[in-house]
Every structure is written in C-alpha cells, then in structure tokens.
2 protein chains.
Amino acid sequence: MNKYGKITIRDVSERANASIATTSRVLNNTDYPVKPEMRKRILKAAKELGYTPNLLGKALKTGKSHEIGVVVPSLLNPYYAEAVTGIERICSARGYNPVFCSSDNSPDKELANVEFLIRMRMDGIIISKIEYGDEVIDRVNQAGISTVYFDQPVSNEKLSCVTYDFFEAGRMAAEYLTSKGHKKIAFFSLPFDRQSRISRYEGFKHGLKEAEGYLYLDSSSSYEGGEFLREFEAGERLVSDFLEKSEASAVVAINDLIAIGAMNAFSKRGVSIPNDISVVGLDDISFATMSNPALTTVKQPSYEMGSIAAEVLIDGLEGKRHKPEIIKMLPKLVERDSVCIHV
Amino acid sequence: MNKYGKITIRDVSERANASIATTSRVLNNTDYPVKPEMRKRILKAAKELGYTPNLLGKALKTGKSHEIGVVVPSLLNPYYAEAVTGIERICSARGYNPVFCSSDNSPDKELANVEFLIRMRMDGIIISKIEYGDEVIDRVNQAGISTVYFDQPVSNEKLSCVTYDFFEAGRMAAEYLTSKGHKKIAFFSLPFDRQSRISRYEGFKHGLKEAEGYLYLDSSSSYEGGEFLREFEAGERLVSDFLEKSEASAVVAINDLIAIGAMNAFSKRGVSIPNDISVVGLDDISFATMSNPALTTVKQPSYEMGSIAAEVLIDGLEGKRHKPEIIKMLPKLVERDSVCIHV
DNA sequence: TGCCTTGTAGAAAACGTTTTCTATAAGGAG
DNA sequence: CTCCTTATAGAAAACGTTTTCTACAAGGCA
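What you see is a predicted model; the values in this text were computed from it and never measured. (Residues numbered from 1 in each chain as written. Chains lettered and ligands numbered in written order. Predicted model: local features only at pLDDT ≥ 70, side-chain atom pairs only at ≥ 80, totals over all residues. Heavy atoms only, no water.)

Engineer: I would appreciate a short explanation of the packing of helix α1 (residues 9–16) of chain A against helix α2 (residues 20–27) of chain A in the present structure.
Structural biologist: Residues and elements named next belong to chain A. Packing of α1 against α2 brings their axes to within 9 Å, and their N-to-C directions diverge by 105 degrees. The angle between α1 and α2 places the two elements in the roughly perpendicular class. In this structure, α1 uses Ile9, Arg10, Val12 and Ser13 to contact α2, whose residues at the interface are Ile20, Thr23, Ser24 and Leu27. Here the contact of α1 with α2 is built from residues that sort into four nonpolar, three polar and one charged. (Axes fitted to C-alpha atoms, helices over the stretch in contact; angles between N-to-C directions. Helix = DSSP H or I, 4+ residues; strand = E, 2+ residues; numbered from the N terminus. Parallel < 35°, antiparallel > 145°, perpendicular 65-115°, else oblique. Contact = heavy atoms within 4.5 Å. Nonpolar A, V, L, I, M, F, W, Y, C, P; charged D, E, K, R; others polar.)

Right, dumping it as structure tokens:
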C-alpha cells in the first residue's frame with residue numbers, strides 16, 4: 001500500500017510471500033515456469049487485496065502503452081462520429097485502447113492535442129488533419145511515432161493515408177445534375193480552409209463541362225449550440241443569398257449538413273425541393289435518409305475509412321505491414337428524392 | 001537518448017552541463033532559484049534536442065495525470081456528442097485533458113472502459129452509466145477515484161450526479177398533448193434497460209390523467225450503419241405496428257431519433273404529421289429543427305449537463321468543493337410544428 | 001562421481017520523472 | 001573573524017512496473 005492508498009504489486013508479493021519478480025510473472029501469466037501452488041497463492045493475494053495494475057508504470061517500463069491517440073476536428077459532425085466509431089471497434093477488437101481528442105475545428109487545438117498524445121507516448125496516432133501546413137506532420141515525424149492520416153489527404157507518399165477521392169465526388173455531383181438537364185448549378189460552400197473542400201469544388205467545376213456554375217461561400221462563423229446548428233444556419237444564410245441573385249436550377253452543397261439546412265430554408269421560403277430547385281449533398285450521413293425530401297448525395301464511407309485507418313496503423317505497429325499505405329476510397333452516388341429532371 | 005531514440009531529461013541535462021534536478025526545475029519553471037545563465041543553457045539545450053517530456057514518468061512520480069476519463073454509451077447519438085463537447089471545452093479551459101471512451105451501448109464494454117481508466121490512474125472520471133446494477137459504482141469506489149455521474153441518475157446521495165428530471169419530461173409531453181385535446185396517446189419506446197427510459201415512461205403515464213395511453217416497445221436490435229439508422233429504423237417498425245392496431249391521435253417518442261424516424265415512416269405511408277397524427281419527441285437534439293415538420297419536443301440540455309459535470313469534477317479535484325453535488329436539470333417544452341389540436 | 005540441463009525463485013537494474021536531502025559558496029550580522 | 005542565512009546546485013531516492021541476471025536445487029547422463 002503506497003501513500004495514496006493504492007495496492008501495488010509489492011503488496012501482493014508480500015502477502016503471498018513471493019518475490020516481486022515472480023508475482024509479476026504470474027500476474028501477466030507469462031510462460032515462465034512457476035509452481036502451481038505459488039501461482040495460486042499469488043493470484044489469491046491479488047484478488048483479496050483488489051490489486052489493480054498501474055498502467056503508467058507498465059507503459060513506462062515496456063515502452064508500449066497499447067493506446068492509440070485519435071484526433072478529429074469535431075465529434076458533433078456525424079461524419080466524424082461514424083469514423084470514430086469505426087476506429088473504436090477495430091482498436092478494441094485488436095486489444096488497443098483508443099483515446100479520442102476533438103480539435104474543435106481549431107488548428108491550434110489540433111496541434112495541442114497531438115503534442116499531448118506524443119507526450120503520453122501513445123503507440124500510434126490517427127488523425128484527420130485540418131491544419132493546412134506541415135506543422136503537425138513535422139512534429140509527429142520528429143517524435144517518430146507511427147501515424148495514419150485519414151480523411152484529409154496529405155501529399156507526402158512516405159506517409160500512410162486513408163483518404164477519399166474528393167475531386168471525383170464533386171465531379172460526380174455535377175455530372176449527375178447535368179445529366180438531368182441542369183445547366184446552371186450553384187455550389188454552396190464553407191470556407192476553403194482544407195483540402196477536401198477545395199478538391200470537391202475543383203471536381204464540381206470540372207464536372208460541369210459546358211454548364212455554368214456559381215459559387216456561394218459562407219464565411220460567417222457564429223457558433224452556438226454546436227456544429228449541427230452552425231452548419232444548418234450556414235445553409236440558411238446561403239439560401240437567402242442565393243434567392244436574391246441566382247438563376248440556377250440546382251445546388252450542390254459542400255456537405256450534407258449544409259444541404260439539409262439549405263433544403264429546410266428553401267421549404268420555409270416556399271421553394272419546393274426538388275420541383276423548384278434540385279439539391280445534391282456530399283457525405284451521406286445517416287441523417288440524409290431522414291430529411292424531407294430524402295437527400296440525394298455522394299457517399300463518403302466514413303465508418304469504413306475509420307476502420308481501415310485503424311487496421312493500417314495496428315498492422316504497422318505489430319510489424320505486419322512495412323511500407324506506407326495510401327488508400328483512396330471511391331465515391332458513390334446515392335439517388336434519393338431531392339433531384340428532378342430540368343427541362 | 002534512450003534505446004527508443006527518444007530524448008530524455010538526462011540528455012538535456014548532459015548537454016547543458018547541469019544536473020537532472022536543476023534541469024527538471026527549469027523545465028517546469030518552478031520558483032526554485034536558478035542562475036539566469038544556467039536557466040538559459042538548459043532551455044537552449046532542450047530546444048536544440050527537441051525534448052518532449054514523458055508524461056508517463058511524470059504522472060507515475062507525481063500521482064497526477066491531469067487526465068479525465070469520460071465514458072458515454074455512444075458517440076453516434078448527437079445527444080452524447082453534445083455532452084462530450086461540453087466536457088471537452090471545460091476540461092481544456094481548466095488545464096485537463098479529457099479521454100473519451102464509448103461503451104457502444106454495452107454494459108460489458110462500459111465496465112471494461114472504467115477498468116482501463118482506473119488502471120491508467122486518471123485523476124477523475126465522468127460517466128453516463130447504462131449498466132443497471134452497481135458494479136461500476138462499486139469498482140470506482142473501491143479504486144477511490146473521484147467520479148461524477150451524469151445523464152442517468154444514481155440513487156446514492158454520497159455520489160456526485162448531474163442528471164435531469166426525466167419523469168417530469170415525460171409528464172410534460174403527455175400534459176401538453178392532452179391540453180391540445182388528445183385523449184388517446186401512444187408511447188414509442190426502446191427497451192426499458194436504463195433508468196431514464198423508465199422514468200420518462202412513468203412520467204408520461206402520470207401526465208395522462210384521464211386520457212388513455214398505449215405502449216409500443218421496439219426490442220429488435222439490428223445494428224447496421226450506426227446508432228442513427230438503428231433508432232430511425234426502430235421508429236419505422238414502431239409505426240407499422242402502430243398503424244395496424246392503434247386508434248391514438250398522438251405519439252410521444254422515447255427520444256428525438258425515434259420521433260424523427262417515426263415521422264418519416266408516417267409520411268411515407270401517407271399519414272400526415274401533424275394533421276393525422278401529432279408527434280412529440282424527447283431530447284431536443286439539434287436535428288430536431290431540421291426535420292419536416294420541425295419536431296415539437298422536450299429539451300434536455302446535454303451540452304450544459306456535460307459542462308456542469310466537468311466543472312463539478314474538477315472543482316472536487318482541486319479541493320474547491322467537498323460535498324457530493326446532486327444537480328437535477330429541468331425540462332422545457334419546445335413547441336415546433338409536429339403537434340396540432342385534436343377535436 | 002562429476003557435469004549439464006531444467007525447473008523454480010529472487011535481487012536488482014532499469015524506464016523518465018520529481019523532490020527531498022545534502023553540499024557549497026557567498027554575503028550579512030554580530 | 002565567526003555564525004547564520006540565502007542562493008545555487010547536485011546526489012539519490014522514490015513512483016510501479018518488467019526483465020535480465022544470478023542462484024540453487026534436483027534430475028539425467030556419462
């Protein structure tokens with residue numbers, strides 16, 4: 001019993017009349033030979049005392065914490081909540097414990113989180129990096145901690161990355177709408193502060209071909225009641241803006257939250273979806289099936305991306321994979337009820 | 001430089017020609033007197049070597065990790081995502097680092113998570129406990145780790161708990177509907193495996209007074225694509241069941257996810273909300289404003305509950321609060337468009 | 001008999017910190 | 001010129017583990 005009243009391995013060994021070494025061996029049931037009678041005594045003592053191993057001591061000694069740090073921009077966006085769930089399931093199936101941090105959409109907090117994880121000597125890190133430069137990457141490299149980037153792409157091929165073809169997703173959305181006869185299409189966006197958004201917009205423009213595109217950008221950043229509201233409200237503001245000056249017959253939104261917020265704002269103003277305006281989202285969050293009308297969108301498999309990132313990381317940690325892995329998942333258009341043919 | 005290639009405080013001290021003791025004092029800038037010139041040398045050496053303190057060593061020595069463990073049943077439910085965000089903001093403002101674990105709605109995993117947090121010697125724990133018995137409580141008590149329970153109530157008054165008047169919420173929902181003339185009201189529920197659900201239902205029954213109530217319980221537990229889908233689907237199944245046999249004119253749902261899923265299923269079957277059936281939810285997740293029609297619901301302030309739980313815990317850790325704190329937040333009816341008067 | 005395994009156990013050295021204690025010099029008071 | 005502070009620094013003992021040695025029987029084999 002130490003000064004904090006916690007039972008240590010020493011207490012157990014004393015009560016069992018064994019050495020600390022033997023006690024440790026029994027408690028970790030290694031294959032080191034220990035007489036059955038002794039083993040029983042130690043186990044009994046541990047149980048009676050309610051011994052709880054101190055993972056700090058263990059990790060310090062072994063250099064392995066069996067913990068994996070995870071950094072995402074937000075837990076409020078269902079997109080990340082799903083990714084995190086994928087990570088959680090894989091980690092826990094493979095005997096690791098994920099530690100989640102939210103950077104709250106702030107690059108500063110992101111860096112602080114990474115720093116914390118490094119200091120805690122996590123075995124590995126999984127991160128959806130929003131910071132635009134290389135500060136996080138440099139830091140992680142310097143610390144020499146294995147890392148898998150997911151969601152946002154990183155350009156360096158020496159780095160493992162599970163990402164998504166954002167460009168193609170934007171392109172598909174545009175192509176789909178033009179194939180339905182839409183010529184003038186608006187793009188509702190949040191600020192282009194991260195690669196995924198830029199690529200989606202580039203893809204969108206590319207997919208337009210001879211059709212026309214308009215950009216509507218919401219740069220306001222009021223933040224009350226969480227991500228949902230913020231992005232919904234952005235959707236509403238974009239709609240006001242749009243109705244004042246646009247002649248487009250369709251809208252592509254930078255993500256589903258914006259799309260749903262926009263549809264709602266349209267309805268409130270008496271604009272019928274999809275009869276008056278068609279809307280296409282990007283992400284396919286679960287909620288997309290529940291909006292009214294159900295949202296046509298381009299699916300980004302966040303749950304799978306999370307699971308794969310975790311698999312890649314753990315494989316690396318366990319020496320089952322040696323080269324950096326670069327995986328780019330493919331978009332898929334999900335047709336629902338928010339688009340109709342334009343004549 | 002140790003065998004893992006990491007820089008330790010010893011490396012810094014050697015390069016600065018100082019002792020480990022002095023180095024530690026400078027790096028933690030304590031008020032212990034150190035000559036300015038020496039201080040500068042140490043700081044310089046630390047910077048040049050890229051020293052990163054090992055928090056495991058520090059925590060082991062000091063007995064304080066400055067980490068707070070958080071266990072919630074799911075991160076996919078926006079209700080918990082919001083709570084977790086509240087916790088995150090407070091912790092990080094007060095210099096603590098939250099470590100989030102999801103128990104994935106499984107009592108076993110919940111216990112495993114708690115065990116992990118205890119072994120990591122977290123300074124404190126915040127938990128929304130779903131396990132119905134006392135196993136978690138006993139474990140935490142035995143470990144002697146300060147804990148704040150939130151969301152689900154615990155009966156023991158020696159325990160700090162930030163909860164919510166679930167009974168009153170159920171009662172208000174029923175009262176509101178009867179005040180609008182509804183006599184026969186159905187209750188759509190998930191299994192009664194946790195106190196909050198039981199209390200909501202009890203409150204609902206109590207609020208009915210002379211009106212009639214019917215219970216529809218969804219016990220199916222298919223789980224694909226996450227919480228959202230699961231609960232939405234439960235909503236759909238409940239609707240099928242309901243349409244076969246009920247004559248109720250209104251529905252109260254155990255939570256907003258179920259309510260929204262149900263509204264959607266009603267619409268698909270040509271039942272108009274609120275003209276044919278009125279629907280009231282419980283929770284007021286952000287999405288409730290975006291459903292169609294917008295959902296009338298009873299607000300449960302999850303973000304605030306999370307923040308308060310964090311404040312209470314940290315106050316306790318820092319000796320600013322000594323007695324257990326029991327806080328019960330009050331419900332508030334939020335009128336939107338999913339209820340109409342029944343004649 | 002002497003020697004080599006094999007089974008079983010403990011002592012002690014790490015892991016990276018913080019902190020208590022001890023040591024030295026310098027400066028001030030008497 | 002002593003004696004007592006005060007400023008400054010380092011040695012070494014923890015914190016709770018794991019693991020490498022070392023130790024010593026007992027048994028098998030030549």
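Engineer: I would appreciate a short explanation of the packing of aromatic side chains in the present structure.
Structural biologist: Aromatic rings considered in pairs are described by the distance between their centres and by the relative angle of their planes. Applying the stated rule across the entire model yields 23 aromatic pairs over all chains. Aromatic side chains A:Phe242 and A:Phe266 sit 5.6 Å apart centroid to centroid with 85 degrees between the ring planes, which places their arrangement in the edge-to-face category. Of this pair, A:Phe242 sits in helix α10 (residues 227–245) while A:Phe266 is found in helix α11 (residues 256–268), placing the two residues 24 residues apart along the sequence. A residue is classified by how much of its surface remains accessible, and A:Phe266, at 0% relative accessible area, is buried. Arranged with centres 5.0 Å apart and planes meeting at 50 degrees, the rings of B:Phe187 and B:Tyr201 form a pair that is tilted. Taken as a pair, B:Phe187 in strand β6 (residues 184–189) and B:Tyr201 in helix α9 (residues 195–208) lie far apart in primary sequence, 14 residues in all. The same class applies to B:Phe187 as to B:Tyr201, namely buried. Put simply, the rings of A:Phe187, A:Phe192, A:Tyr201 and A:Phe204 touch in pairs and so form one group of aromatic residues. The cationic tip of B:Arg25 hangs over the ring face of B:Tyr32; the distance from NZ or CZ to the ring centre is 3.9 Å. (Phe/Tyr/Trp six-rings, centres within 6.5 Å; stacked < 30°, edge-to-face > 60°. Buried < 20%, exposed > 50% of the residue type's maximum accessible area, 1.4 Å probe, protein only. Lys NZ or Arg CZ within 6 Å of the ring centre and 35° of its normal.)

Engineer: What exactly am I supposed to notice about α1(A) here?
Structural biologist: What sets the pattern is the α-helix's 3.6 residues per turn: residues three or four places apart point alike. All names here are of chain A. Along α1, the residues that are buried comprise Asp11, Val12, Ser13 and Ala16. Among the structural elements, α2 and α3 (36–49) are those in contact with the buried residues of α1. The backbone nitrogen of Arg10 lies 3.1 Å from a side-chain oxygen of the residue at the head of α1, namely Thr8. Backbone geometry just downstream of α1 places Asn17 in the positive-phi region, at approximately 60 degrees. (Polar contact = N/O pair within 3.5 Å; in protein donor to acceptor, adjacent residues only side chain to side chain.)

Engineer: How do you make sense of unusual backbone geometry when you look at a structure like this?
Structural biologist: Trans is the common state for peptide bonds, and a negative phi is the common state for residues other than glycine. Here the amide bond leading from A:Asn292 into A:Pro293 is cis, since omega sits at 0 degrees, within 30 degrees of zero. Its place among the elements puts A:Pro293 in the loop between β9 (278–283) and β10 (296–299). The phi torsion at A:Asp284 lies on the positive side, around 65 degrees, for a residue other than glycine. You can see A:Asp284 is positioned in the loop between β9 and β10. For A:Asp284, a relative accessible area of 11% translates into the label buried. We note that B:Asp151 has phi near 70 degrees; this positive angle belongs to a residue other than glycine. Residue B:Asp151 is classed as buried on the basis of its relative accessible area of 2%.

Engineer: Please clarify how the nonpolar core should be interpreted in this entry.
Structural biologist: A:Phe188, A:Phe266, B:Phe188 and B:Phe266 are the most contacted members of the largest nonpolar core, which has 146 residues in total. Sequence-distant contacts of B:Phe188, that is, excluding residues within four places in its chain, are made with B:Tyr216, B:Leu238, B:Val239, B:Phe242, B:Val251, B:Val252, B:Ala253, B:Ile254, B:Ile258, B:Ala262 and B:Phe266. A:Leu56, A:Val99, A:Ile118 and A:Ile145 belong to the second-largest nonpolar core, a separate cluster that totals 46 residues. (Core = buried A, V, L, I, M, F, W, Y, C linked by side-chain atoms within 4.5 Å.)

Engineer: When you look at the sheet that holds strand β7 (residues 212–217) of chain B in this model, what are you seeing that I'm missing?
Structural biologist: Hydrogen bonds between backbone atoms are what pair the strands of a sheet, whose relative direction is either parallel or antiparallel. Residues and elements named next belong to chain B. Reading across the sheet, the six strands line up as β7-β6-β8-β9-β10-β12 and stay open at both edges, with mixed pairing between neighbours. Of all the strands in the sheet, the pair left with one neighbour each is β7 and β12 (332–334). Within this sheet the neighbouring strands show an average axis-to-axis angle of 20 degrees, counted without direction. When strand β10 (residues 296–299) meets β12, the two strands line up antiparallel, connected through three bridges. Residue pairing for β12: Lys299 is matched across the bridge by Lys332. Those strands touched by helix α8 (residues 166–179) are β6, β8 (250–253), β9 (278–283), β10 and β12, and its axis lies near 160 degrees from that of β9. (Pairing = 2+ DSSP bridges.)

Engineer: What exactly am I supposed to notice about the relation of the copies chain A and chain B here?
Structural biologist: Each copy of the chain is related to the other by a rotation around an axis and a translation along that axis. Its rotation angle being 180 degrees, the transformation that places chain A on chain B also includes 0.0 Å of axial translation and leaves an RMSD of 0.1 Å. The symmetry that links the two subunits is that of a two-fold axis. Same-surface contact between copies: 100% of interface residues of chain A are shared with the interface of chain B. (Least-squares fit on C-alpha atoms with pLDDT ≥ 70 in both.)

Engineer: Explanation requested: the layout of surface pockets in the structure shown.
Structural biologist: Looking at the second largest pocket, its volume works out to about 1,200 Å³. Lining of the second largest pocket is provided by 35 residues; of these, A:Leu60, A:Arg121, B:Pro53, B:Asn54 and B:Leu55 occupy positions nearest its centre. Every element with two or more residues in the lining of the second largest pocket is listed here: α4 (55–62) of chain A together with α1 (9–16), α2 (20–27) and α4 (55–62) of chain B. Among the elements that line the lining of the second largest pocket, the one with the most residues is α4(B), at six residues. (1 Å grid on protein atoms, 1.4 Å probe; cavity = no way out; pocket = protein on both sides within 12 Å on 5 of 7 lines; lining within 4 Å. Points joined across faces, edges and corners; volume = space filled by probe spheres on them.)

Engineer: For this particular structure, what's the right way to read the interface of chain A and chain B?
Structural biologist: How big an interface is tends to be stated in terms of the accessible area lost upon association of its parts. Counting from both sides, the interface comprises 57 residues of chain A and, opposite them, 58 residues of chain B. At the boundary of chain A with chain B, total buried surface from both sides reaches about 5,400 Å², with 61% on carbon and sulfur atoms. Per-residue buried area on chain A facing chain B is highest for A:Leu56, A:Arg121 and A:Met290; these three make up 14% of the total on that side. Along the contact surface separating chain A from chain B lie four salt bridges. Remark: the boundary between chain A and chain B carries 17 residue pairs in polar contact (both at pLDDT 80 or more). Broken down by secondary-structure element, the contributors of at least two residues to the side of chain A that touches chain B are α4, α5 (78–93), β2 (97–102), α6 (107–119), α7 (135–143), α10 and α11 of chain A. Residues of the side of chain A that touches chain B, tallied by class, amount to 25 nonpolar, 19 polar and 13 charged. (Buried area = accessible area lost by both parts, 1.4 Å probe. Salt bridge = Lys/Arg side-chain N within 4 Å of Asp/Glu carboxyl O.)

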